[in-house]
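Per-entry structural report
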Amino acid sequence: MATAGAKATEPGAVTDAAPAPRADGRRRRIRAWGLAASVVLLVVAVVLSLALGTRAIPLPDVLAALFTTAPGDPLQVIVRDLRVPRTLIGIAVGLALGLAGTLMQGVTRNPLADPGILGVNAGASLLVVIAIAVFGVTAPLGFIWFAFAGAAAAAALVYGIGALGRDGATPVKLAIAGTAITAAATSVVTLLLITDIETLSAYRFWQVGSLAGRGVDILTVLWPFIAVGALLALLLTRDLNLLAFGDDVARGLGHNAALTRALAGVSVVLLCGTATAIAGPIVFVGLVIPHIARAITGPDYRWIFAFSLVLGPVLVLLADVLGRLVVAPSELEVGLVVAAVGAPVMIALVRRVRLGSL
Amino acid sequence: MSTATSARQQAPVGQVRAGIARRAVVTTVVLSLLLAAVVTTAVATGAYPLSPDRLILTLLGQGEAREAFVLFRLRLPSIVLGLLVGAAFGIAGALFQTLLRNPLASPDIIGISGGASVASAFGILILGVSGAILSLLSFAGAIVVAAAIALLSARGGISGYRFVLIGVGFAFVAQAAIGYLTTRGDVREASQALVWIVGGLGGAEWEDNLVVALALAALFTLTAVVAPRLRMLQLGDDTAASLGIRVERTRLTILVVAVALTAVATAYAGPVAFVAFVSAPIARRIVGGGRLSLIPSALVGAIVVLVADLVGGNLLPGAAVPAGIVTGIIGAPYLLWLLATADRGRQTP
């Protein structure tokens, strides 16, 4: 972990993530400088995303394309029509997934919470396949409402079933419910795919998770959802700090845990549903970002959210840039790169931190 | 359950033990009868139904050539494969879940089946292989992922949670890799690869079954040898150690057996989703008493696979649905039901 102090308070063990009343000076310095460094990293990632690709574009030309118009210049067309939308979409998706993961881990007190593990991606995928197979939708803009509905239904189902019984939504029950929903949805998806080859050929390119080939028009339709979801998430940070003490303590302090969970659920569905609708199911961003943020800041959710907000886009943009470079002139989809980069991070985290029991 | 509890309060320990043992025997007999019924149904029904008298005549070698072909070349190979891999998945799941003390620890969730799937998707879509080489690739994929998880999670002994979490990481990567592989190459081949990845009993051959049977016979024997030590491990590491068990070595042995069971079954039938995951909890539910129930788990596994294959054969007109899809669709709601009805304090499935 970042500091010896962080090790003692077990940042990975979400169960005991009670915020220290006053951070010591060192922790405060780390937070401030860390956040500044993260913002610089984001700027670098944005510049790289605008400049690099099958055709590398020098920085002056990138700036020229952004701030002046020279009609017909092919470089400017590449920057304005391809790279700018792609970068904006990367920022939106990274932000949404990073925040959603943080919110999920905080609310469920589960270090493994992630849109992939809790079945949200699978729900979205199922309805997208149905959209293709039954309703003949083929354009990404047409998938959106289906992905949205699927994500919402899966989240509600997983949480509803996980919360049954007297002991409520324990992390183990949520994880098992998510796994079960994922398995069922995946089976139906596979059934539809192997019986209908045209559906497969449309679906297989959506399901890897990619930022390419989406226009700004998707963002102009969907940004309000991300904005509302993000705002809601940020309003809940104080409540998450209280929830970290456990439901009983939170209730004793006059806090309405059920309301927090419900609002968090709405926010997660807005964020994950939109991100999945835009880019396809991308795993690991929601899992890894909160862990990295927590490793830097310690257990205070106000800081974890601030870092997630910046680091989510950094991860997605850098993964996308990497995917454009490694197999140039072809490219790897961002979902694949994130998985390849995220898995070692997750494994390193699991090895270093004693994770609170699931 | 409530009658058993009250009996336990009144009866002396010896009687209770006898009661539990009796229940285990009764359960095993009932499950065996159920399995026999499923096998009979699978033998007799299908696109070409065989009436009981024709079935017996054909089995005795006095049927028509067509009936003999349907029975001996089409149905029996699949059924035998289903029995073998179902039992293997059931036992593997029970071993994993008991050893790692975690209901999520089943090969399909911790990425071991995923490793096999990636290897076979790579084999089909990139290398263009089939048959025995494909099985070998799939086997290797499962073993490599299991070894990687074990190495990465070993830090002063195999810890259950670390193993499962790292396994879940591998499962994610496997999923992404399969997604990537299906976007490359011809869509028809991608469809074939999906069928293989899901897993089922289609295309079973006697020669393959012989290999599976020999490998599994060895592994089942090994399981029977190590099972008593696993029961002692269930008492807790310290207690087991004081009973003279070498805890870490025993763990490793059991893990290797469980991985090998999964890898062999997956190599020939594919990772039939959820069978390893649900068989042991179902068996434990039926037997009761929180015991490690390997034979009931194996029986439940075989029943689940064969029933899934039967249902899949009749689900859609014209096309056989792989058993792996049916187990996923049926298994998940069952698991959710277990979750919703589990009593507080009792072990979660």
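Residues numbered from 1 in each chain as written. Chains lettered and ligands numbered in written order. Predicted model: local features only at pLDDT ≥ 70, side-chain atom pairs only at ≥ 80, totals over all residues. Heavy atoms only, no water.

Considerations on the confidence of the model for chain B
Residues and elements named next belong to chain B.
- A residue-level look at chain B finds 91% of positions with pLDDT of 70 or above and a mean pLDDT of 82.
- Low pLDDT, under 50, characterises residues 1-8; the stretch is placed with two contacts to residues that sit more than four places away or in other chains.
- Across residues 343-349 the pLDDT falls below 50, and counting only partners more than four positions away or on other chains, this stretch makes 13 contacts in the model.
- For this predicted complex, the interface confidence reaches an ipTM of 0.77, while the overall pTM sits at 0.79. (pLDDT = per-residue confidence, 0-100. Contact = heavy atoms within 4.5 Å.)

Some remarks on unusual backbone geometry
- Unlike most non-glycine residues, Phe284 of chain A shows phi in positive territory, near 80°.
- Given the relative accessible area of 0%, Phe284 of chain A is considered buried. (Buried < 20%, exposed > 50% of the residue type's maximum accessible area, 1.4 Å probe, protein only.)

Considering the pattern of salt bridges
Residues and elements named next belong to chain A.
- The final tally for this structure, using the stated rule, is eight salt bridges over all chains.
- As a salt-bridge pair, Asp320 and Arg86 come within 2.8 Å of each other at their nearest N and O atoms. Here Asp320, found in helix 14 (residues 301-326), pairs with Arg86, found in helix 4 (residues 74-108); they are 234 residues apart in sequence, far enough to count as distant. Just as Asp320 is buried, Arg86 falls in that class too.
- A salt bridge links Asp300 to Arg302; its shortest N-O distance comes to 2.8 Å.
- We classify Asp300 as buried; its relative accessible area is 7%.
- The class of Arg302 is partly exposed, set by a relative accessible area of 46%. (Salt bridge = Lys/Arg side-chain N within 4 Å of Asp/Glu carboxyl O. Helix = DSSP H or I, 4+ residues; strand = E, 2+ residues; numbered from the N terminus.)

Regarding the interface of chain B and chain A
- Across the contact, 49 residues belong to chain B and 48 residues belong to chain A.
- When the two sides are added together, the surface that chain B and chain A hide from each other amounts to roughly 4200 Å², 80% of it contributed by carbon and sulfur.
- Run the count over chain B and chain A and you get one salt bridge.
- Measuring nitrogen to oxygen at the nearest pair gives 3.8 Å for the salt bridge that ties Glu333 of chain A to Arg184 of chain B.
- Here chain B is connected to chain A by three residue pairs in polar contact (both at pLDDT 80 or more).
- At the level of elements, helix 6 (132-153), helix 7 (160-183), helix 8 (187-198) and helix 14 (323-341) of chain B are the ones that each hand at least two residues to the side of chain B that touches chain A.
- Here the element with the most residues in the side of chain B that touches chain A is helix 7 of chain B; it accounts for 15 residues.
- Among the residues forming the side of chain B that touches chain A, the class breakdown is 32 nonpolar, eleven polar and six charged. (Buried area = accessible area lost by both parts, 1.4 Å probe. Polar contact = N/O pair within 3.5 Å; in protein donor to acceptor, adjacent residues only side chain to side chain. Nonpolar A, V, L, I, M, F, W, Y, C, P; charged D, E, K, R; others polar.)

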